[in-house]
Amino acid sequence: MATPPVYQNLIGGKFVDSASGRTFENRNPADTREIIGIFQDSDERDVQAAVEAAKRAYRHWRLVPAPKRGEILFKAAQLLVERKEQYARDMTREMGKVLKETRGDVQEAIDMCFFMAGEGRRLYGQTTPSEMPNKFQMSVRQPIGVCGLITPWNFPMAIPSWKILPALIVGNTVVIKPASDTPLSVYNLVQCLLDAGIPDGVVNIVTGSGSRVGEPLIRHPDVQVISFTGSTEIGSKVARVGAEGMKHVSLEMGGKNPMIVMDDANLDLVVDGAIWGAFGTTGQRCTATSRLIAHRAIVGELTERLADRAERLKIGNGLDETVEMGPIINQSQLETVQRYVEIGKSERARLVVGGQALRDGDYAYGFFHQPTIFADVQRTMRIAQEEIFGPVLSIITVDSLEEAIDVANDVPYGLSSAIYTRDVNAAFRAMRDLYTGIVYVNAPTIGAEIHLPFGGTKGTGNGHREGGIQVLDVFSEWKSIYIDFSGTLQRAQIDTYQVGMDE
């Protein structure tokens with residue numbers, strides 16, 4: 001096999017080895033014999049160097065006019081368009097999901113790049129009339145400084161684009177730690193920014209583990225913003241560190257997303273949606289449909305139809321255009337899925353289909369698992385409450401819309417939800433009462449388009465959103481500006497000031 005390429009950290013515009021000289025391998029989860037690349041196993045010394053470079057670059061980058069910053073992002077978007085197929089194939093090799101999905105992942109980055117490029121000519125503030133004569137007042141966004149970004153492996157270009165690009169457009173600089181399972185896609189995204197003319201030090205990449213890179217990054221006193229996507233357990237720790245340092249912290253964490261199916265639903269539509277929602281990206285999405293909450297009148301037929309479709313899904317290497325579901329990301333995650341299958345069995349849920357890892361023949365060198373469906377699941381079971389992050393769907397039976405919404409909300413998470421019904425009143429009640437950041441009607445639980453806010457409630461997030469113009473609030477602060485152009489202070493004005501101060 002060909003010698004795998006070696007990727008260095010990007011610090012201050014230069015590619016450099018880690019301070020320790022250690023490296024790690026990035027292997028194809030569909031065929032672990034293939035090494036995608038060799039990456040730096042960095043530590044806090046590399047983080048320190050990257051933050052210092054980002055801090056230096058911030059002094060100049062924040063003064064670049066926002067429309068000019070937008071022009072660089074626009075050029076990067078055009079380069080992403082040209083390189084889309086290459087980057088999608090790279091992503092399938094390092095992450096495993098099928099080409100149709102990785103093309104969509106790259107397209108998300110393209111869309112975000114164009115969208116944020118446009119914000120360079122907006123970044124709107126507010127002007128309001130003053131209650132006093134000869135006074136002007138307005139508000140403007142201001143950048144914050146160095147942003148520490150920690151991104152996951154399941155959407156290895158889309159999610160980094162949600163963080164890097166809005167940070168840059170408002171004038172910040174960034175240090176990003178990509179997931180160790182999928183660092184190449186971040187390099188591909190950043191290469192487009194470099195080729196588009198981003199100045200040295202504005203974007204920095206440090207690869208390595210969460211303990212040796214992620215933790216010193218979020219704790220660094222010069223990192224003013226932390227944006228993290230990952231597990232709720234780790235996100236809670238990030239929140240505590242951020243609070244201690246008075247940092248801006250944006251968290252996007254777990255999900256246990258419900259799909260409600262009422263007795264009047266179009267079952268053909270439901271089957272298509274549930275299969276995609278549950279088994280797309282091999283179930284490794286924070287928005288994956290992991291609970292199907294079905295009305296008793298149709299649950300039997302629906303379960304049979306879902307089992308039939310799931311059994312016929314073609315599993316394999318995502319580079320094969322006919323494959324419908326790829327591998328799980330690594331051995332550890334495969335073992336997690338297997339453990340939850342055993343938990344489901346022990347809880348006396350009925351295993352309808354799947355439940356086994358695939359290890360023979362073409363599957364011998366990858367991390368493959370059958371699409372798995374449990375029926376007769378009770379709402380309190382662990383497989384109905386805890387995030388599995390794999391191709392496992394739990395079917396829960398209910399007797400009414402009210403019960404379905406109650407079950408849907410009865411988990412620690414609140415990211416995405418869905419309802420299938422032909423009753424417009426039921427749909428509107430679900431949209432109102434489902435306590436999630438996203439609600440779909442007659443479509444599966446997935447994410448949002450980049451120009452809408454993405455994020456969740458409860459254990460899914462801390463109130464911030466990615467995507468849309470709302471993400472700009474994570475990476476900027478508001479400054480109110482007052483100008484008195486009268487040249488004198490009237491007594492009434494002084495009195496008004498005094499009242500305001502007293503209050």
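S.K.: Run through the overall build of the protein, naming residues and quoting values.
M.R.: Helix and strand counts for the protein come out as 15 helices and 24 strands. Here the C-alpha radius of gyration of the protein, 25 Å, is about what a compact globule of 503 residues would show, namely 23 Å. Principal-axis analysis of the C-alpha atoms gives the protein an extent of 80 × 60 × 40 Å. Just so you have it, the protein exposes about 21,000 Å², and 50% of that area is on carbon and sulfur atoms. Each charge sign in the protein was given a centre, from 52 positive and 62 negative side chains, and these centres are 3 Å apart.

S.K.: An account of the pattern of salt bridges is needed here, citing residue identities and associated values.
M.R.: Applying the stated rule across the entire model yields 33 salt bridges. A salt bridge links Arg-103 to Glu-321; its shortest N-O distance comes to 2.7 Å. Of this pair, Arg-103 sits in helix H4 (residues 99-119) while Glu-321 sits in the loop between helix H10 (296-311) and helix H11 (331-346), and the two are 218 residues apart along the sequence. Close ionic contact of Arg-122 with Glu-119 constitutes a salt bridge, the shortest N to O distance being 2.7 Å. One continuous salt-bridge network, built from bridges that share partners, spans Arg-22, Asp-41, Asp-43, Arg-45 and Arg-212.

S.K.: Could you give me a rundown of the environment of Gly-197, with the residues and numbers involved?
M.R.: As for its position among the elements, Gly-197 is in the loop between helix H6 (184-196) and strand E10 (203-205). Residue Gly-197 is classed as partly exposed on the basis of its relative accessible area, which comes to 41%. Taking the C-alpha atoms as reference points, Gly-197 and Leu-73, separated by 124 residues in sequence, lie 9.0 Å from one another.

S.K.: Residues and numbers for helix H8 (residues 232-244), please.
M.R.: Helix length check: H8 (13 residues) gives 18 Å between terminal C-alpha atoms against 18 Å at 1.5 Å per residue, within 8%. The set of residues buried in H8 consists of Thr-232, Gly-235, Val-238, Val-241 and Gly-242. Following H8 by one or two positions, Met-246 has its phi on the positive side, about 55 degrees.

S.K.: Describe in detail the packing of helix H2 (residues 66-82) against helix H5 (residues 158-169), supporting the description with residues and values.
M.R.: Taken N-terminus to C-terminus, the directions of H2 and H5 make an angle of 150 degrees; their axes are 9 Å apart at the nearest point. Between H2 and H5, the crossing angle belongs to the class labelled roughly antiparallel. Note on element contacts: H5 touches H2 through Leu-165, Leu-168 and Ile-169, opposite Ala-66, Arg-69, Gly-70 and Leu-73. Considering only residue class, the contact of H2 with H5 consists of five nonpolar, one polar and one charged.

S.K.: Explain the pairing of strand E11 (residues 223-229) to me, using residue names and the numbers behind them.
M.R.: Burial runs high along E11: six of the seven residues are buried. Between E11 and its parallel partner strand E12 (residues 248-252), the chain crosses via H8, and the hand of that crossover is right-handed.

S.K.: Give a description of the sheet that holds strand E7 (residues 135-143) that names residues and reports values.
M.R.: Whenever strands of a sheet pair, they do so through backbone hydrogen bonds, lying parallel or antiparallel. Read from one edge to the other, the open sheet built from three strands follows the order E6-E7-E24, with strand pairing classed as antiparallel. Edge positions in the sheet fall to strand E6 (126-128) and strand E24 (476-484), since each of these pairs with one other strand and no more. Ignoring strand direction, the axes of neighbouring strands in this sheet form an average angle of 20 degrees. Here E7 runs beside E24; their pairing, made up of nine bridges, is antiparallel. Bridged to Val-140 within E24 is Lys-479.

Here is what the cut-offs are and how they apply
Residues numbered from 1 in each chain as written. Predicted model: local features only at pLDDT ≥ 70, side-chain atom pairs only at ≥ 80, totals over all residues. Heavy atoms only, no water. Helix = DSSP H or I, 4+ residues; strand = E, 2+ residues; numbered from the N terminus. Rg over C-alpha atoms; globule rule 2.2 N^0.38 Å. Areas by Shrake-Rupley, 256 points an atom, 1.4 Å probe, with all protein chains shown as cover. Lys, Arg positive; Asp, Glu negative; His and termini not counted. Charge placed at Lys NZ, Arg CZ, Asp CG, Glu CD. Salt bridge = Lys/Arg side-chain N within 4 Å of Asp/Glu carboxyl O. Buried < 20%, exposed > 50% of the residue type's maximum accessible area, 1.4 Å probe, protein only. Expected span 1.5 Å × (residues − 1). Axes fitted to C-alpha atoms, helices over the stretch in contact; angles between N-to-C directions. Parallel < 35°, antiparallel > 145°, perpendicular 65-115°, else oblique. Contact = heavy atoms within 4.5 Å. Nonpolar A, V, L, I, M, F, W, Y, C, P; charged D, E, K, R; others polar. Right-handed = clockwise from strand over helix to strand, strands pointing away. Pairing = 2+ DSSP bridges.

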